[in-house]
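Given next are the chains, with one letter for each unit.
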Amino acid sequence: MHDARNGSQREWYLARLSLLAVCLICLGCSPDPPKSPAVSPGAARNTQSSNTQSGNVATDAATDAATRDRSQTMAAENSGQGIRFEEVQASWGLDHTYQNGERGLLHFCESFGGGSGWIDYDRDGNWDLYLNQGGQASHTDTNENPLDQLFRNRGGKFEDVTQSSRIHDASYSQGVAIADFNNDGFDDIYVTNLGANTLWQNCGDGTFQEIGKAANVADERWSTSAAWVDLDLDGDLDLYVCNYVQYDPFHPTQCKNEKGELVVCNPNRFEPAPDGCYINQGDGSFEERSQELGLFGPDNRALGVVAADFNRDGSMDLYIANDATPNFLFMREGLGPFQDRARLLGCAVDRFGNPQASMGLACNDFDRNGFMDIYSTHFFSESNTLYANLGEAGFQDVTGNTGLHEPTLDRLAFGTVMQDFDSDGFMDLFVANGHIDNSGANPNQNMRPQLFSWNGKRWLNRSKEAGGYFEGRYVGRGVSQGDFDGDGDLDLVVSHQNKATSLLRNDSSLGNWLCVSLIGTQSNRSGVGCQATISLGGTDIFQELVGGSSYCSSPQPHLFFGLPNQQQECQIKIRWPSGREQTIAGVRTRQKMTIVEDYP
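Everything in this summary refers to the structure shown in the same document. Just so we're clear, the structure is a prediction, and the values are computed from it rather than from any experiment.

Most of strand β7 (residues 188-193) sits out of view: six of its six residues are buried. The alternating pattern of β7 places Asp188, Tyr190 and Thr192 and Ile189, Val191 and Asn193 on opposite faces, both of which are buried. Bridge count for strand β6 (residues 173-179) against β7 is six bridges, and the pairing is antiparallel. Note on β7: the bridge partner recorded for Ala179 is Asp188. One ladder, built from three bridges, connects β7 with strand β8 (residues 198-202); its direction is antiparallel. From the neighbouring strand, Val191 faces β8, where its bridge partner is Thr198. Here β7 folds back onto β8, and the loop between the two strands holds four residues, one of which, Gly195, carries a positive phi near 125°.

Another aspect to go through is unusual backbone geometry. Backbone torsion omega between Gly113 and Gly114 reads 5°, so that peptide bond is classified as cis. With respect to the element layout, Gly114 can be found in the loop between β1 (85-87) and β2 (116-119). Unlike most non-glycine residues, Asp299 shows phi in positive territory, near 55°. Within the fold, Asp299 resides in the loop between α4 (290-293) and β16 (302-308). One non-glycine residue, Ser381, lies in positive phi territory at about 80°. Mapped onto the fold, Ser381 is located in the loop between β21 (373-376) and β22 (385-389).

With that out of the way, let us pick up the sheet that holds β8. Backbone-to-backbone hydrogen bonds join strands into a sheet, with any given pair of strands oriented parallel or antiparallel. The antiparallel open sheet is built from four strands, whose spatial order is β6-β7-β8-β9. Because the sheet does not close on itself, it has two edges, and the strands there are β6 and β9 (208-210). For this sheet, the mean inter-axis angle between neighbouring strands, taken without regard to orientation, is 20°. Note that β8 and β9 share three bridges and pair antiparallel. Residue pairing for β9: Gln201 is matched across the bridge by Gln209.

Here the focus is the state of the cysteines. Applying the stated criterion to the full structure yields one disulfide. With its sulfur 2.1 Å from that of its partner, Cys255 forms a disulfide with Cys265. One quick way to see it: the torsion about the S-S bond of Cys255 and Cys265 is about 105°, and its sign makes the bridge right-handed. Taken as a pair, Cys255 in strand β12 (residues 255-256) and Cys265 in the loop between β13 (262-263) and β14 (276-280) lie far apart in primary sequence, 10 residues in all. With respect to burial, Cys255 and Cys265 carry one shared label: buried.

Rules of the game
- Residues numbered from 1 in each chain as written.
- Predicted model: local features only at pLDDT ≥ 70, side-chain atom pairs only at ≥ 80, totals over all residues.
- Heavy atoms only, no water.
- Buried < 20%, exposed > 50% of the residue type's maximum accessible area, 1.4 Å probe, protein only.
- Helix = DSSP H or I, 4+ residues; strand = E, 2+ residues; numbered from the N terminus.
- Pairing = 2+ DSSP bridges.
- Axes fitted to C-alpha atoms, helices over the stretch in contact; angles between N-to-C directions.
- Disulfide = S-S within 2.5 Å.

Written out as structure tokens, the structure reads:
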């Protein structure tokens with residue numbers, strides 16, 4: 001008994017000594033002391049000149065950091081609560097309704113138009129608006145169709161200047177893409193149609209000239225969305241055009257159910273139409289090179305496109321939304337041929353491996369990791385899909401675990417925009433909804449739009465709080481963002497089929513913000529492909545001026561940053577498509593600023 005007790009005590013002491021030794025090793029015996037964070041020379045000088053106050057400085061810094069963390073936590077919890085949109089199309093004189101021409105015959109083409117595009121065509125600082133129009137696709141005399149419309153922003157009212165601008169586009173119009181293709185300082189308008197597309201060159205005197213055939217971009221297939229982008233990095237913009245299916249509007253295919261009743265056709269009933277890629281020759285003409293560049297894939301029925309440098313390697317990539325078949329992600333090494341890497345990188349299908357009926361695309365960096373993410377809208381009962389861009393690891397479908405799956409299951413979505421509407425530092429997401437079944441027997445044809453806000457962990461549905469527009473039901477199609485009233489926040493225009501186009505003024509409670517416009521000198525003048533990183537208060541916010549996006553629509557080509565704290569100054573770092581980098585320090589927030597490419 002005695003020996004056993006002594007042995008137990010020895011074991012107990014040895015165990016305590018061993019534990020003490022482990023603690024000493026962990027706390028005081030590390031071979032390398034922890035490294036101090038790197039300090040800039042200026043910061044080092046400030047530290048050396050303030051040694052006697054170092055304790056207070058450290059305390060103040062810790063207090064500031066704690067305050068900043070608390071404010072950002074509160075902002076996350078309240079994300080999106082202050083977003084409000086007000087319909088003002090009537091008071092601003094915007095009178096437009098997209099007429100799809102339906103007459104009960106359920107022609108397939110009736111379900112897809114139209115779009116909108118922001119353009120400051122007269123360079124007066126007020127953003128004007130181009131709106132597509134439909135009519136009857138089977139009219140042999142297109143003069144019987146209503147015309148696309150150009151509205152001039154007079155700073156309080158929109159004025160229809162279609163006639164005086166000499167724009168006369170009576171085709172069965174689908175969408176629009178706007179940019180300065182010839183770098184003359186005036187934005188031009190490309191219109192996609194069911195039939196020959198048109199290119200309206202801005203003459204700089206308030207008028208336009210149609211040069212589609214002369215420029216070799218009058219694609220005669222059924223085109224939907226389009227994107228301007230400098231694919232060959234030669235300083236001028238090329239053009240990517242989404243084409244849908246092979247469809248004859250003069251002898252339209254009609255589909256029936258098992259009862260012999262007319263129904264809207266399934267897109268798989270039609271052969272796909274390959275997309276077009278037109279390379280700018282710099283002399284006012286373009287060369288079609290989609291096959292040569294590898295920009296094609298099996299069974300593509302394209303409805304949406306966004307052009308961005310998704311892997312940040314300096315080359316522009318193209319993401320294509322296909323209807324009922326896998327989406328494409330065209331990427332290239334340098335200026336070599338493109339390859340579709342969507343399957344390899346995880347953004348061709350949803351997380352279950354199913355292709356979806358993709359329509360519109362929103363693109364921005366919602367999770368602040370420095371890479372552009374993709375939100376794709378889909379058919380009824382499929383839910384929309386959010387692909388988080390993980391950089392070298394590719395994309396991940398995070399729809400379910402971020403709260404976006406169930407809210408969109410009972411919607412059929414088209415146009416979509418991802419921006420920070422209330423400038424709280426967190427992205428918001430607008431979605432236009434409306435079914436394609438216009439048979440009259442479909443109770444779900446008209447649908448409510450939706451608004452979601454990111455809080456750092458999940459997307460919150462803020463639709464019911466965002467204004468009376470979200471209580472209405474529409475057949476929503478194209479959506480585009482622009483600051484038409486010049487107050488620094490982003491407004492929206494939403495195209496509806498057979499119901500008035502809505503002009504949504506952003507009346508949200510705004511936080512801190514910065515609006516950046518970009519003018520290229522060696523890069524394309526429109527700034528498409530420019531990447532900007534804003535740094536303030538220890539936070540970096542990244543955005544890229546993409547080509548295309550949404551559905552059949554063209555946004556105001558500016559970068560709008562919502563900032564996560566109230567700091568009055570920030571730093572901006574710009575990377576231009578030419579490869580040139582610019583850093584501007586001491587930039588005051590709450591302003592609209594223009595940055596011109598500084599090239600030696």
